[in-house]
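Here's the letter readout for the chains.
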Amino acid sequence: MNKNIKIILWIIFIGLIALASYSLRPMKNIQNSEVENTVDINSDLIIVGFSQLGSESDWRTANTKSIQNALTKKNGFSLIFSNGRQSQENQIKDVRSFIFQEVDYIVIAPVTETGWDTVLKEAREAGIPVIIVDRMINTDDESLYVACVGTDKYAEGEKAGIWLEKYLEEQKSEENVTQENESLSEETASQEENGLNTEVINIVVLEGTPNSTAQIGRSKGFEDIARKHENWNILAQDSGDFTKAKGKEVMAKYLQEYDDIDILVSQNDDMTFGAIEAIQEAGLTCGVNGKIKVISFDAVSEAFDRMEDGLINVDIECNPLQGQLIAELIERLEKGKKVDKVSYVEEKVFKAENAGIERIGRSY
Ligand code: GZL
C-alpha cells in the first residue's frame, strides 16, 4: 500500500478516536422538555436543579426571577430550571431528572403539600440535599429536606383578619359620630353601648390552589380571626387556583348567588384582578369607596396600581424575593455550616391610602 494512502488512513483513524472520546465525555443532558440548560459536571460551579411549580401569577414570575438572578454563574452556581406547569407529576419527573444529572442541590417550590416523600427519599439516597422554597411540604420525615425558605402564610391570613377588625371598628366609630349628631333611637344606643353591632358582615373568599401552603395558611389564619366575630358571615370559600381567569369566573358565580356581599378576601392579586373585572361587569363597585371591600394577598406591582385606583382596600404582602436567601443557605452548606430549618423573608401590609408612597423603590 503506497505511503500516501497510509497517511490518509492514519489521519481518518485519529479523527475517529477523537470524535468517540468527545461524545463519550460525562455530560448531563436534559430528560424533561421543560428543563432548561445542560451542565458539564467537570465545572467547579455549584449545580442546582430548581423545580418551580409553574408560571400562574405575577408573584410566581417575580419569585422565579429572584432565584434565577441569585443562582448565576457569576455567583458560583450553574442553575437547571424546570417549570412544573402547576402539576406535581411534572415536578416529580423534573426532580428525578435532577437526580439523574447528579446535581449538587435540588430546590423545589412544591405546588401542593403532600406526595413528596418517595421522590425526596430517592434524592436522599443519591446524597443530594433538598431545599424547599415558597410553599411547604407535609411530611413526617423532616430529614427529607435540609431547609425551607418562604413566607408565613398563616400570619398573612391573620393579618387580613386583623385589618378587617380595625376597618370595621373605624367604620362603626364614624357611624357613631354621625349618629351622635342626629338623635339616636334608644334601641340603637343600647346596641352600640354594648358593642352589640349586630350588622351581619357578608364575606366571600377566593382561595388559592387547594392543599397548597398558601391556601391552607391564609384560610386558617383568616378563619381564626373571623371565628371571634359572630356577625362575620363567610358565605363561600371556593378555589380560584391563583389565576386571574378562574378568580373572575368564581367571583361572577358569587355575584349571581349572593346579592349582599360586603367583603372579598382574595388569596392572591391575580384572582383579585379577575374578581374586580367580574364586579365591574356586574355593574357593582369595589374598594375604598365601593360597595364590596377588597382584601388581597401578594402586593405585586399591578396591585399597587389598583390600590392607587381605590379598587383594592388592602394588600397583604407575600414576598417572592427568596433567591438571595437560598444562595446564602447553599453557601453555608458548602462550608459545612449549620442552617436554620425554616427561614422567612420580611413582609408587610399595604393600605390603599399609602400605596403611592409605599411602592417607591419596590422591585416587583
Ligand atoms: C405564596 C405563593 C402563592 C402566591 C400566588 O407563597 O405560593 O402562589 O400568593 C402564587 O400568587 O400563585
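Everything below is about the structure printed above this text.
Residues numbered from 1 in each chain as written. Predicted model: local features only at pLDDT ≥ 70, side-chain atom pairs only at ≥ 80, totals over all residues. Heavy atoms only, no water.

Peer 1: Explain the layout of surface pockets here, please?
Peer 2: Think of a ball as big as a water molecule: rolled over the atoms, this probe shows where empty space is left. Estimates place the volume of the second largest pocket at around 300 Å³. In terms of lining residues, the second largest pocket is bounded by 14 residues, among which Trp163, Tyr167, Glu170, Lys351 and Glu353 are the most central. Only helix H5 (153-181) and strand E12 (349-351) provide two or more residues apiece to the lining of the second largest pocket. Take the lining of the second largest pocket: its biggest share by element is 8 residues, from H5. Its residues placed into classes, the lining of the second largest pocket shows 6 nonpolar, 2 polar and 6 charged. (1 Å grid on protein atoms, 1.4 Å probe; cavity = no way out; pocket = protein on both sides within 12 Å on 5 of 7 lines; lining within 4 Å. Points joined across faces, edges and corners; volume = space filled by probe spheres on them. Helix = DSSP H or I, 4+ residues; strand = E, 2+ residues; numbered from the N terminus. Nonpolar A, V, L, I, M, F, W, Y, C, P; charged D, E, K, R; others polar.)

Peer 1: Even after reading the chapter, I still don't get helix H11 (residues 323-334), so can you show me in this structure?
Peer 2: Structurally, the α-helix is built with 3.6 residues per turn, so residues lying three or four positions apart point the same way. Helix length check: H11, at 12 residues, gives a terminal C-alpha distance of 17 Å against a target of 16 Å (1.5 Å per residue), a fit within 8%. Of all the positions in H11, only Gly323, Ile326, Ala327, Leu329 and Ile330 are classed as buried. Along the axis of H11, the buried residues cluster in a sector spanning 160°; they form a single face. On the buried face of H11, the contacting elements are strand E1 (46-52), helix H2 (58-70), strand E2 (77-83), strand E3 (105-108), strand E4 (130-134) and strand E5 (147-150). (Expected span 1.5 Å × (residues − 1). Buried < 20%, exposed > 50% of the residue type's maximum accessible area, 1.4 Å probe, protein only. Arc of directions from axis to C-beta. Contact = heavy atoms within 4.5 Å.)

Peer 1: So what exactly am I meant to see when it comes to the pairing of E5 here?
Peer 2: What you see with E5 is no split at all: Ala147 and Val149 on one side and Cys148 and Gly150 on the other are buried throughout. As paired strands, E4 and E5 are joined by 4 bridges and run parallel to one another. By the bridge assignment, Val133 is partnered in E5 with Val149. In the sheet, E5 pairs with strand E11 (residues 342-344) via 3 bridges, with the strands oriented parallel. Of the residues in E11, the one forming a bridge with Cys148 is Val342. (Pairing = 2+ DSSP bridges.)

Peer 1: I'm lost on the site of the ligand in this one. Help?
Peer 2: The environment of the ligand is made up of 14 residues, and the closest members are Glu56, Asp134, Arg135, Arg218 and Asp298. Ser57 has a polar side-chain atom sitting 3.1 Å from an oxygen atom of the ligand. Here the ligand loses 100% of its free accessible area of 320 Å² to cover by the protein chains. Taking a 2 Å distance to the grid points as the criterion, the majority of the atoms of the ligand fall inside the largest cavity. If you list the elements that add at least two residues to the shell around the ligand, you get H2 and helix H7 (213-226). Of the residues contributing to the shell around the ligand, the split by class is 4 nonpolar, 3 polar and 7 charged. (Near = heavy atom within 4 Å. Polar contact = N/O pair within 3.5 Å; in protein donor to acceptor, adjacent residues only side chain to side chain. Areas by Shrake-Rupley, 256 points an atom, 1.4 Å probe, with all protein chains shown as cover. Sits in = over half its atoms within 2 Å of the grid points.)

Peer 1: Would you explain the environment of Pro129 in this entry?
Peer 2: Structurally, the position occupied by Pro129 is in the loop between helix H4 (117-125) and E4. Not counting residues up to four positions away in its chain, the partners in contact with Pro129 are Asp104, Tyr105, Ile106 and Val146.

Peer 1: How do you make sense of the packing of aromatic side chains when you look at a structure like this?
Peer 2: When we look at a pair of aromatic rings, we describe it by the centre distance and by the angle of the planes. Evaluation of the coordinates by the stated rule reveals 5 aromatic pairs. Ring centres of Phe222 and Trp232 lie 6.0 Å apart, and the angle between their planes is 25°; on these two criteria the pair is classed as stacked. Of this pair, Phe222 sits in helix H7 while Trp232 sits in strand E7 (residues 232-239); the two residues are 10 residues apart in sequence, bridging distant segments of the chain. With respect to class, Phe222 is no different from Trp232; both count as buried. Taking the ring centre of Tyr145 as reference, the NZ or CZ of Lys341 above it sits at 4.4 Å. For the cation-ring pair, Arg362 lies above Tyr364, with the distance from its terminal atom to the ring centre recorded as 4.7 Å. (Phe/Tyr/Trp six-rings, centres within 6.5 Å; stacked < 30°, edge-to-face > 60°. Lys NZ or Arg CZ within 6 Å of the ring centre and 35° of its normal.)

Peer 1: Teacher, can you tell me more about the packing of H2 against H11 here?
Peer 2: A pair of packed helices can be characterised by two numbers: the angle between their axes and the separation between those axes. Relative to each other, H2 and H11 sit at 40°, their axes nearing to 7 Å. The orientation of H2 relative to H11 falls into the category oblique. Read as a crossing pair, H2 and H11 show a hand that is right-handed. Contacts from Ser66, Ile67 and Ala70 in H2 reach Gly323, Gln324, Ile326 and Ala327 in H11. The class makeup of the residues in the contact of H2 with H11 is 4 nonpolar, 3 polar and no charged. (Axes fitted to C-alpha atoms, helices over the stretch in contact; angles between N-to-C directions. Parallel < 35°, antiparallel > 145°, perpendicular 65-115°, else oblique. Left-handed = near helix turned anticlockwise from the far one by under 90°.)

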